Every structure is written in structure tokens, then in C-alpha cells.
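Now for the letters of each chain:
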Amino acid sequence: MAAITEGGAAIALDGAQKTRRHLTKARIRWVVVALILMFGAVAGRLIQLGLVVQDTTIEGQTRDLITATRPALLDRNGLELAVDIRVPSLFAEPRRIIDVNEAASAIHSVLPDLNEDWLRGRLTGDKGFVWVKRELTPEIEDKIMQLGIPGLDFVTESKRFYPGGNEASHILGAVNIDNQGIAGIEKSMDNDSVALLQSLGLARGNELAPVNLSVDLRVQHVMHDVLTDALTRYQAVAAAGVMMDIHTGEIVGLVSLPDFDPNNPVTALQKDSFNRITAGIYELGSSMKSVTIAGALDSGKVRITDSFDARFGVRFGRFTIDDFHGKHRILTLPEVYKYSSNVGAIHIMQAMGKDTFRAFLTRLGFDKTVPLELPEKRNPVVPAKFSEIVAATAAFGHGLSVSPMHMLRAMAAFANDGYMVTPTLYRRSLEDARKTYEQVVSEKTSQEMRYLMRLNALEGSGSRMNKFALGYRTGGKTGTAEKVVNGRYTTGANFNVFASAFPLDNPRYAMVVIVDSPRAENAQSGTTAGWNAGEATGRIIQRVAPMLGISPDFNPMLDDELVPVELR
Amino acid sequence: MIRTLNIVFVCTSIFALIGVYALKYSVSETAAEKAAIQRQIERQQADLSLLKADWAFLNQPANVAPIVARHVAELNLQNLAQDQFGRFEVLPLRLTAPDALALDSLFESLNSGVDPIQQIISESN
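A quick note: this is a predicted structure, and the numbers were derived from the prediction, not measured.

Rules used throughout
Residues numbered from 1 in each chain as written. Chains lettered and ligands numbered in written order. Predicted model: local features only at pLDDT ≥ 70, side-chain atom pairs only at ≥ 80, totals over all residues. Heavy atoms only, no water. Core = buried A, V, L, I, M, F, W, Y, C linked by side-chain atoms within 4.5 Å. Buried < 20%, exposed > 50% of the residue type's maximum accessible area, 1.4 Å probe, protein only. Helix = DSSP H or I, 4+ residues; strand = E, 2+ residues; numbered from the N terminus. Contact = heavy atoms within 4.5 Å. Axes fitted to C-alpha atoms, helices over the stretch in contact; angles between N-to-C directions. Parallel < 35°, antiparallel > 145°, perpendicular 65-115°, else oblique. Left-handed = near helix turned anticlockwise from the far one by under 90°. Nonpolar A, V, L, I, M, F, W, Y, C, P; charged D, E, K, R; others polar. 1 Å grid on protein atoms, 1.4 Å probe; cavity = no way out; pocket = protein on both sides within 12 Å on 5 of 7 lines; lining within 4 Å. Points joined across faces, edges and corners; volume = space filled by probe spheres on them. UniProt positions renumbered as here; feature names shortened; annotations may be inferred. Patch = residues over 30% accessible without salt bridge, like charges linked within 9 Å, V, L, I, M, F, W, Y side chains within 5 Å. Areas by Shrake-Rupley, 256 points an atom, 1.4 Å probe, with all protein chains shown as cover. Salt bridge = Lys/Arg side-chain N within 4 Å of Asp/Glu carboxyl O. Lys, Arg positive; Asp, Glu negative; His and termini not counted. Charge placed at Lys NZ, Arg CZ, Asp CG, Glu CD. Pairing = 2+ DSSP bridges. Phe/Tyr/Trp six-rings, centres within 6.5 Å; stacked < 30°, edge-to-face > 60°. Lys NZ or Arg CZ within 6 Å of the ring centre and 35° of its normal. Arc of directions from axis to C-beta.

1. Remarks on the nonpolar core
Residue and element names in this part refer to chain A.
Here is step 1: One finds Val291 and Phe414 to be the most contacted residues of the largest nonpolar core, which totals 93 residues.
Here is step 2: Broken down by element, the residue count for this core peaks at 9 residues, all from helix α14 (residues 404–415).
Here is step 3: In this structure valine 291 touches Phe360, Leu361, Leu364, Phe366, Met407, Ala410 and Phe414, once residues within four positions along its chain are discounted.
Here is step 4: Counting 29 residues, the second-largest nonpolar core is a separate cluster that includes Leu227, Ala236, Val255 and Phe498.

See below:
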């Protein structure tokens, strides 16, 4: 209602009802504002909570990675080679510890080997997580839990345990405290599968399917046992051996001494305990004559009935190469092999031609490392081009260095109808193995090589081996190389090899045994390969053959059937 | 009308409140139970893994071999020699029919009171 008066300003007055309405509107507005603020605060807090990232890492690593498991490793018959055990590890949350001194002395009372001052320093501060001691026993876990100190807790970790200890150390390798492989098959598994599984979170806490290796633990044990014995018997610096199924390429045993204890991974990195089978390259001496002769027979330029003049040494400028067990007469090819004639081997190589010989070495894979799962490998040293003298020395195994694994693969091919297989440490079927076959020599050459190997065991340098392995139709070639010390060949120390295959009437396994710097066992024995590497091979075969389902057979017909038709 | 509706709503709210409250407690109780069982499983798995490792260790040739070596003398253990293997072909074949004549003569001698086997035994003594 407005009252209008003349000549004066208009005065407007609100009625009591209108005034109250305005007041109510204002109050509602304030309430709305208050509510918006309140709910806004709640929403803001919710967003804040949602954005908080929980720190689940343990000293830079995710908690899951610490508890990650690895698959159990079994041998070919299902015996455990490596298993995971769950062990508690003690950690502390320093920011939740109330009395550092009390906590430190309490822990010290249970774990006396921990320094109390170190503990106090460890437990002081505002950190969210520190390890106190890893990989404890359940008993210690109980004792510490009973102390009832706030801020101490346990996490269950997986720890790798190798029940066999040293026995298969070079195959298995080792893992570090974070369960990552640092050597051997453990490392190679990390490289291709387990690390991936762990990073995807599939290997956490729950069990992974166990992995079967190709190794036969019984064979592995026998090889380890015999080679350990050889180390003391011949006072050798080192000894190593490897056995392979020539059809499937499965490695059934691999030992290299001195070795290490995978349960104590620090020892794995010692310089002297490297894997001599895959990571050692050596001049393999006369055992290389198998390669020379196989190449020559396969080239067709040399026949098994040929004879070679070994009456005089071969001269190259100032040097004359002569024979160790010199016969100094004309030798047939089997005699060259049997008497291990350097001169004969050179003539055989020359008949084949040095370039053909070099190409044959390439065909055998002597230019690169052997494709095997183990990460410990070293490139072989074979001159890219052979001069006359280098080819001559290479014919009897000097001037080129390959690993024993190379020799094993070549010997397996010579016994396996000329098919060279890719070795493996995992179980493999024959069909899968056939896909990796490469024919390096003909079937006929393979037959002739089997005859030569057996002949050498019956009449040549392998006879000491055959004394132990009687009835198992074993054959092989010795190799005694003078070691190179400070760039010169020394006559004092030998590097001895025995490369063999058995049973030769139906070959199944190939083996290479090396003995480094052996001494004579007694006054009557020698230091050449037949006396040590050869005898060790015989002892291994004598014990291992029955386990592998090979029964002894003394039928002389079996040996006669190995003789090629031309020589009967 | 609105009054009764309000009373119904208030009552349902109170019941729902009590229900949710009880549910919350039972859930947290179940969660605690689950955690306890999980801890137990973890502990038992750990124990199991230790036992498995123990078994594997005891089964290893590396562990059995020294035990064998210790008892070589008492049990007269020796490595298997090659000539100790036999074959089925070496065994003589079983006779297709019993030797009737030999049996007849055996029965005759038994009837007459002479036991040839007893004779062999007494002769050897």
C-alpha cells in the first residue's frame, strides 16, 4: 500500500505479511548455501580419499614381487631338483614403533646375531617399511609374535631350496634373495617366461605348474660321484662331463667340477666354478680327429680303405709335426684313428682339402655357441680362414678352441646316422627333436664312424675305458692336448678329453668327459687321456647303462656287424 | 492418511537401520574369520612346502648314497657287475609234458620203500 501526498516524496511501506515472506526466502537461501557447503565438503573429502594412492611397495619393490613363486624343477622322472619353500620374513614399520630401545632389545633377545645398535638405527625414523631379517623359521616367527611389539610384522616369502645341493648346480644355477635367477636354467627361465608371469601377477602366491627337465637325477648323481672321485684320484685341477640322448638332444647329465652350492648363491659367482662344459673353450686335441676323419669320409675324397704315409713327420717351414705314439709306417685310415696319428690326420685333411675342412667345421656349428638354454656360454675360437699350417694343426685339434658341448653335439651326430640335433635341458619328444635335425654327414659316414669309435675302444686308446664298460658296446676317441700357459704349450700339464657314444650297435647316448691337468694315479699309469678321462667314462657307463635300460651283451657278432663291408 | 503413511515409513527406517547395523557387524565378523582361515591356510602351505622340501631332500641320491656307503660292510653291498645280468633267452624252456616214464619209476621206487631224494641227501652227507 502506498500513500501519496502532494509535494512530498512517496513513501512505500511493506505489509507485515510481505516482510515475513522476504525473511523466509532469505533463511531458505542461507540454509541452501549451508547445505551446499556441507555436501561439497563431504564430496571433496570423498574425492580426496579416492585419490590417495596406498603405498604397497617394499623398499622399492611391489609386495607381490617379494612373495612371487617360481615353478618347481623336476628331473625327467619327477624327482625334485628345486622347490619353493615359504618362509616368514620380519619387517618393521618405524613410524608405528613407540619405544625403539625396548623393541631393539626384544628383537635382539630372539635374534642374537643382529647388532643392537644397528637395530636401533634401523627402527628409528618415519619410514613405513624396513626389513629387519629375511627368511626366518616359523619358530622364530612365533617367538617374535609373542613379544607383542607394535610395528613389527611378518610377510611370507618364497625361498628357493635345492635338495640335491651341489649335484646339479651348473644345470640349475641359482637365484638371489628376491627369487630372481642369476645363473643356469633359473636365469634362462626368467629371461623367457617366469619374469613375464611374475610381472603380469600370475605367479603370486599360488603354485605354478612344475617344469620337467631332461636331466636324469640318477645319471647326474653317478657322473658327479665318478668325477669327484676322478678329481682326487688323478689330482686334477678340474673335471667335467656331459651326456646327451643323441636322438632327442636331451641332456641327461651335466657336471662341472669344481662346482658350487646353489643354496648359497654367493658361491655361484666364484671364478673357478664356471661351467666348463658350455662356458669353457679348449683345444680338444686328438678327439678332433673324429671330426677330421668324418669330414674327409663324407667329402668322398677319402675312403675307409685308404692308406696314408706316416713314416715321416710333416714339415711346415721351421716346424715338423710328428706323432706321439709314432708307428712310422704306412697306416690305413682305421689305424690312423686307432693310433691317433697326427701325421695321418694331416694327410687325411690334405686329401679332403683345407677349405672343405673349414666348411665342414661351420656345418658342425663350430663357429658359434651351441644353442642350449643355459646363459653361460662363450664363443668358440676358430680361425675364419685356414692357412696350410693352421689347417694341419686343426686336423689334430690344436689351434682352435671349442667347448666340450660342441664336441658332444658333433659326436652325437656321427653316431645318429649323421643327423645333428639341437640340445635341450627340457623334456622333448622325438618328433619335436626331429624338427631340429640337420644332416651333417651321410648315413654311410655315420656307420663308418661308429666302426672307428668301437675299434678304438677295442684296440686303441679307448681300451682302458672299455675295461670298465665291458659289454656296453662303447666307443670313443681320446684327446690329450698340451695346455697353453703364457702363450706357450707346456709338456707338464695336459688337458684330456674322452668323447664317446654307446651302445654302438644301436646308439642312444653320447658323452664327453674332460679332465684338466691330471697326474698319474700310480707309477704304472700314464697321464694321457685314456688313463683318466677314458677310465672315468668307463666307470660312468658301467653304472649308468643299466639305469638307462641298456643291458650288457658280450656277443662278438655285435662288434663284427659294425665293420664296414669293404673291410670284412 | 499421511499420518499412518509417516508412521509406516518411520517404522521401516528403524528396522532397516537395525538390519544394516547387524549386517555390518556380521560382515566384519565373517571378514575376520576369513582372514584367520587364510592365515591358517598360508601357515599350512608353508608347513607343507617345508615337508615337501624335506621329502625331496631325503629322497635325493646325494642323500641316500652316503647312507649306502655307511652300510657297505654290514650288508655286503657291491656294484652290479656286467656278468650278473641275465636274459630270458638263457633260461631253459619248461618241458611241454611231464616225463611219464620218470614219474612211473619214481612212484614204483617209492612204493617199494626207497626214496631216491632221501638217498641223494644221505649220500651227500
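2. Quick look at the packing of helix α9 (residues 288–299) of chain A against α14(A)
Residue and element names in this part refer to chain A.
Here is step 1: Look at α9 against α14: their axes get within 10 Å of each other, and the N-to-C directions meet at 45°. By the criterion of interaxial angle, the relationship of α9 to α14 is oblique. The two elements α9 and α14 cross, and the hand of that crossing is left-handed. Mapping the contact onto sequence places Met288, Ser290, Val291 and Ala294 in α9 and Met407, Ala410, Met411 and Phe414 in α14.
Here is step 2: Class assignment for the residues of the contact of α9 with α14 results in 7 nonpolar, 1 polar and no charged.

3. Examining the layout of surface pockets
Residue and element names in this part refer to chain A.
Here is step 1: Reported here for the largest pocket is a volume of approximately 970 Å³.
Here is step 2: In terms of lining, the largest pocket is formed by 37 residues, of which the most central are Phe324, Asn342, His398, Thr480 and Glu482.
Here is step 3: Where the lining of the largest pocket is concerned, the elements lending two or more residues are β16 (319–321), α13 (388–395), β20 (475–485) and β21 (488–502).
Here is step 4: For the lining of the largest pocket, the element with the highest residue contribution is β20, accounting for 6 residues.
Here is step 5: Residues that form the lining of the largest pocket fall into these classes: 11 nonpolar, 18 polar and 8 charged.

4. Comments concerning the UniProt feature "transmembrane region" (unreviewed entry) in chain A
Here is step 1: According to UniProt, the "transmembrane region" (unreviewed entry) feature falls on residues 28–47 of chain A.
Here is step 2: The annotated region residues 28–47 of chain A carries 100% helix and 0% strand content, and the separation between its end C-alpha atoms amounts to 28 Å.

5. Description of a positive patch on the surface
Residues and elements named next belong to chain A.
Here is step 1: A grouping of Lys18, Arg21, Lys25 and Arg29 is seen on the molecular surface, where their side chains present a positively charged patch.
Here is step 2: Relative to the elements of secondary structure, arginine 21 occurs in helix α1 (residues 16–51).
Here is step 3: Its relative accessible area of 54% is what places arginine 21 among the exposed residues.

6. Overview of the pairing of strand β6 (residues 80–92) of chain A
Residues and elements named next belong to chain A.
Here is step 1: In terms of burial, β6 is largely enclosed, as 12 of its 13 residues are buried.
Here is step 2: Where strand β5 (residues 73–74) meets β6, 2 bridges bridge the pair, whose relative direction is antiparallel. Bridge assignment links leucine 74 to a residue of β6, and that residue is glutamate 80.
Here is step 3: Here β6 pairs with strand β8 (residues 152–161) via 10 bridges, running antiparallel.

7. Comments concerning the sheet that holds β20(A)
All names here are of chain A.
Here is step 1: What the 5 strands build is an open sheet, ordered β13-β12-β22-β21-β20; its pairing is antiparallel. What marks the edges here is a single partner per strand, and that holds for β13 (251–257) and β20. For this sheet, the mean angle separating the axes of adjacent strands, direction not counted, is 15°.
Here is step 2: When strand β12 (residues 238–245) meets β13, the two strands line up antiparallel, connected through 6 bridges. The partner of alanine 240 across the bridge, within β13, is serine 256.
Here is step 3: Packed on one face of the sheet, helix α8 (residues 217–233) meets β12, β13 and β22 (509–516) and runs near 25° to β13.

8. Observations regarding the packing of aromatic side chains
Residue and element names in this part refer to chain A.
Here is step 1: Considering all chains together, one arrives at 8 aromatic pairs over all chains under this definition.
Here is step 2: An aromatic cluster of at least three residues, connected via ring pairs, comprises Phe91, Phe129 and Trp131.
Here is step 3: One Lys or Arg, lysine 477, reaches over the ring of tyrosine 337 and ends 5.7 Å from the middle of that ring.

9. Notes on a nonpolar patch on the surface
Residue and element names in this part refer to chain B.
Here is step 1: The grouping of Val64, Val68, Val72, Leu75 and Leu77 at the surface amounts to a nonpolar patch, some 380 Å² of accessible area in total.
Here is step 2: Of all elements in the fold, only α2 (61–70) and α3 (72–75) reach the threshold of two or more residues within the nonpolar patch.
Here is step 3: Tracing the backbone shows valine 64 in helix α2.

10. Section: the pattern of salt bridges
Note that side chains of opposite charge can pair when their charged atoms are close.
Residues and elements named next belong to chain A.
Here is step 1: Summed over all chains, the structure comprises 36 salt bridges over all chains.
Here is step 2: In this structure, glutamate 250 engages arginine 427 in a salt bridge whose closest nitrogen and oxygen atoms are separated by 3.9 Å. Of the two residues, glutamate 250 is situated in the loop between β12 and β13 and arginine 427 in the loop between β18 (419–420) and α15 (430–434); the sequence distance between them amounts to 177 residues.
Here is step 3: The shortest N-O distance in the salt bridge between arginine 329 and glutamate 335 comes to 3.4 Å.
Here is step 4: Residue classification places glutamate 335 among the buried residues on the basis of a relative accessible area of 17%.
Here is step 5: Counted as one network, the salt bridges with shared partners bring together Arg70, Asp84, Arg160, Glu186 and Asp190.

11. As for helix α5 (residues 138–147) of chain A
At 3.6 residues per turn, the α-helix brings residues three or four places apart onto the same side.
Here is step 1: By the burial criterion, the buried members of α5(A) are Pro138(A), Glu141(A) and Ile144(A). Here the buried residues of α5(A) occupy an arc of 120° about the axis, which is enough to place them on one side. For α5(A), exposure combined with an orientation more than 90 degrees from the buried face picks out Glu139(A), Lys143(A) and Gln146(A).
Here is step 2: The inward-facing, buried residues of α5(A) contact β6, α3 (100–110) and β8 of chain A together with α1 (2–59) of chain B.
Here is step 3: Gly148(A) sits one or two positions beyond α5(A) and adopts a positive phi of about 65°.

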